[in-house]
Amino acid sequence: MVESLGSWWRSLTHRNDDDEHDADEDTLDDATNALLSMLPLASVVVDEHDEVIRAHPSAYALGVVRDDAIAEETVLRAVHEVRSCGGNKQFDLTTTTQYVAPQVPKAGKPTTREIARQALIGQSKPNTSGATVSRPNWLKIIVGKLNENLMVVLISDVSESVRFSQVRDSFITNVSEQLLEPTQSLEQLADIVERGGASQQDVERNATQLRQSCSRLEHMISDLLLLIKAQEPILPTADNRINVMEQVQAVVQAHLDMAAQRGITIETCGDESLCINGEADQIQAALTKLIENAITYSKDGSTVNVVAKANEEHTEAVISVLDRGKGIAIGEQNRIFERFYRGSNQNEHSGDGIGLGLAIVKHVALTHHGSASVWSSPGQGSTFALVLPLGGE
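Here the structure is a predicted model, which means the values were calculated and not measured.

Procedures and definitions
Residues numbered from 1 in each chain as written. Predicted model: local features only at pLDDT ≥ 70, side-chain atom pairs only at ≥ 80, totals over all residues. Heavy atoms only, no water. Helix = DSSP H or I, 4+ residues; strand = E, 2+ residues; numbered from the N terminus. Contact = heavy atoms within 4.5 Å. Areas by Shrake-Rupley, 256 points an atom, 1.4 Å probe, with all protein chains shown as cover. Phe/Tyr/Trp six-rings, centres within 6.5 Å; stacked < 30°, edge-to-face > 60°. Buried < 20%, exposed > 50% of the residue type's maximum accessible area, 1.4 Å probe, protein only. Pairing = 2+ DSSP bridges. Axes fitted to C-alpha atoms, helices over the stretch in contact; angles between N-to-C directions. Polar contact = N/O pair within 3.5 Å; in protein donor to acceptor, adjacent residues only side chain to side chain. Core = buried A, V, L, I, M, F, W, Y, C linked by side-chain atoms within 4.5 Å. Patch = residues over 30% accessible without salt bridge, like charges linked within 9 Å, V, L, I, M, F, W, Y side chains within 5 Å. Salt bridge = Lys/Arg side-chain N within 4 Å of Asp/Glu carboxyl O. Expected span 1.5 Å × (residues − 1). Arc of directions from axis to C-beta. Left-handed = near helix turned anticlockwise from the far one by under 90°. Nonpolar A, V, L, I, M, F, W, Y, C, P; charged D, E, K, R; others polar.

Caption draft 1: Examining the overall build of the protein more closely. Along the backbone of the protein there are eleven helices and 14 strands. At a minimum sequence separation of 6, the contacts of the protein that also span at least 24 residues come to 71%. Accessible surface for the protein amounts to roughly 21,000 Å². Of this, 49% is attributable to carbon and sulfur atoms.

Caption draft 2: Looking closely at the packing of aromatic side chains. What the rule picks out here adds up to one aromatic pair. Centroid distance phenylalanine 337 to phenylalanine 384: 6.2 Å. Interplanar angle 75°. Geometry classified as edge-to-face. Taken as a pair, phenylalanine 337 in the loop between strand S12 (316-322) and helix H11 (357-367) and phenylalanine 384 in strand S14 (residues 382-389) lie far apart in primary sequence, 47 residues in all. As far as burial versus exposure is concerned, phenylalanine 337 and phenylalanine 384 are alike and both buried.

Caption draft 3: Representation of the sheet that holds strand S9 (residues 265-270) within the structure. Overall, mixed pairing links the five strands, which are arranged S9-S11-S12-S14-S13 in an open sheet. On the outer flanks of this sheet lie S9 and strand S13 (371-376), each paired with one strand and no other. Each strand of the sheet is rotated relative to its neighbour by a mean of 15°, with strand direction disregarded. Examined bridge by bridge, S12 and S14 share seven bridges and lie antiparallel to one another. Residue pairing in the sheet places serine 320 in a bridge with alanine 385 of S14.

Caption draft 4: Up close: the side chain of threonine 95. Mapping threonine 95 onto the fold places it in strand S5 (residues 88-103). Note on threonine 95: relative accessible area 2%, which makes it buried. Of note is the side chain of threonine 95, whose polar atom sits 2.6 Å from the backbone oxygen of leucine 62. Once residues lying within four places of it in the same chain are set aside, the contact partners of threonine 95 are Leu62, Glu72, Arg135, Pro136, Asn137 and Leu139.

Caption draft 5: Seen up close, H11. Counting buried positions along H11 gives nine out of eleven residues, so the element sits mostly inside the fold. Within H11 the residues assigned to the buried category are Gly357, Leu358, Ala359, Ile360, Val361, His363, Val364, Ala365 and Thr367. Downstream of H11 by a residue or two, histidine 369 has a phi angle that is positive, lying close to 65°.

Caption draft 6: Highlighting the nonpolar core. In terms of nonpolar packing, the biggest core is built from 44 residues, with Val244, Val248, Val306, Ile319 and Leu386 touching the most fellow members. Mapped onto this core, the elements with two or more residues apiece are helix H7 (200-229), helix H8 (244-254), helix H10 (280-297), strand S11 (303-310), S12, H11 and S14. Counting residues per element, this core draws most heavily on H10, at seven residues. Filtering out sequence-adjacent residues up to four positions away, valine 248 remains in contact with Thr268, Leu287, Val306 and Ile319. Within the second largest apolar cluster, 22 residues are counted, among which are Val44, Val46, Val52 and Ala59.

Caption draft 7: Summary view of a nonpolar patch on the surface. On the surface, a cluster of nonpolar side chains totalling about 300 Å² of accessible area is made up of Ile221, Leu225 and Ile228. By secondary structure assignment, the location of isoleucine 221 is in helix H7. Relative accessible area serves as the criterion here: at 41%, isoleucine 221 is assigned to the partly exposed category.

Caption draft 8: Local environment of helix H4 (residues 73-85). The end-to-end C-alpha separation of H4 is 18 Å, in line with the 18 Å expected for 13 residues at 1.5 Å each. All buried positions along H4 are accounted for by Val75, Leu76, Ala78, Val79 and Val82. The buried residues of H4 occupy one face: seen down the axis, they fall within an arc of 160°. Of the exposed residues in H4, the ones pointing more than 90 degrees away from its buried face are Ser84 and Cys85. After H4 finishes, the residue glycine 86 shows a positive phi value of roughly 85°.

Caption draft 9: View of the packing of H10 against H11. Their axes nearest at 9 Å, the elements H10 and H11 cross at an angle of 145°. In terms of crossing hand, the pair formed by H10 and H11 is left-handed. Each of Gln282, Ile283, Ala286, Lys289, Leu290 and Asn293 in H10 lies in contact with H11, whose residues at this interface are Gly357, Leu358, Ile360, Val361, Val364 and Thr367. A class-by-class count of the residues in the contact of H10 with H11 yields seven nonpolar, four polar and one charged.

So, in structure tokens, the structure goes:
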């Protein structure tokens, strides 16, 4: 993209110098504004006093412009250099954006009962206070001249590509580690058999380890297939209209035995008229992950609540799953939907987890044009909300 933009820039400046020298200033400004508006990236125009006279909103959001001035010293130096020497300058830049993320307040924390009440009336976001979080932006920058007085800064945001590469590398690493476990267990079992003289207990112990490794591998492959399926876009049509409570009840029914083994009760309630457009298999897969997590992390003999209600505007279905577990540390809550991430709240029932369940929930929500969120506080359990647009009539 940078090379093509460089060619575009050379053709534009050449046109301004040679073909448009007789045009009046207003016509030139209109033509330049039109061209800059057509570009699929942010642009900033700077005058001879380094004041920003035109800037795309993304330039502010990405931290390049602040208070009608160039905020990044690297960009400002490039502007001065090109103004003095001509030509154009291309380089990479990393900026940091500050944004407010939800955070549970230190005082007046909502109780589990209050969270249940909020879910019942369709509030998908419990009352929270803001915490400032930093996020890096990876940018490609081109600086060039518009005319003798005006400079332009073109900004291409490649952050998503960089993040995708990071996720891909982490994904490959985690999958490779999971694949190594059954291979190592099989090698250990083979060594025992080859040496001979091993006791039956040794063979049985290693065979058990191999079976457990294979079980984890099968679980991971199953979740990976679900994750791939969950990223296929869903288009709302008359043929994929489904009832929300029917999906909830089907998943709950399938997990009653799992809950009963630890004396856990699953209670459900909600609006049986709610309908959405989507894939029933995907919605049930997401609900399965949420309910299995709720059972896994809740205390023996406790209750898991599943609530399905419309939000206050009656535009979205909010499916909330409340558990009675240890809760999730505030510092970990913004990471729990990442692939393979497992928090510090593990217990004796969660040892076989892979860390893909909540990633599946997130992608099911996104492909259905919805969202997934969590409220949690140590000692008060967690509430996960799957929010999906209601289907049209």
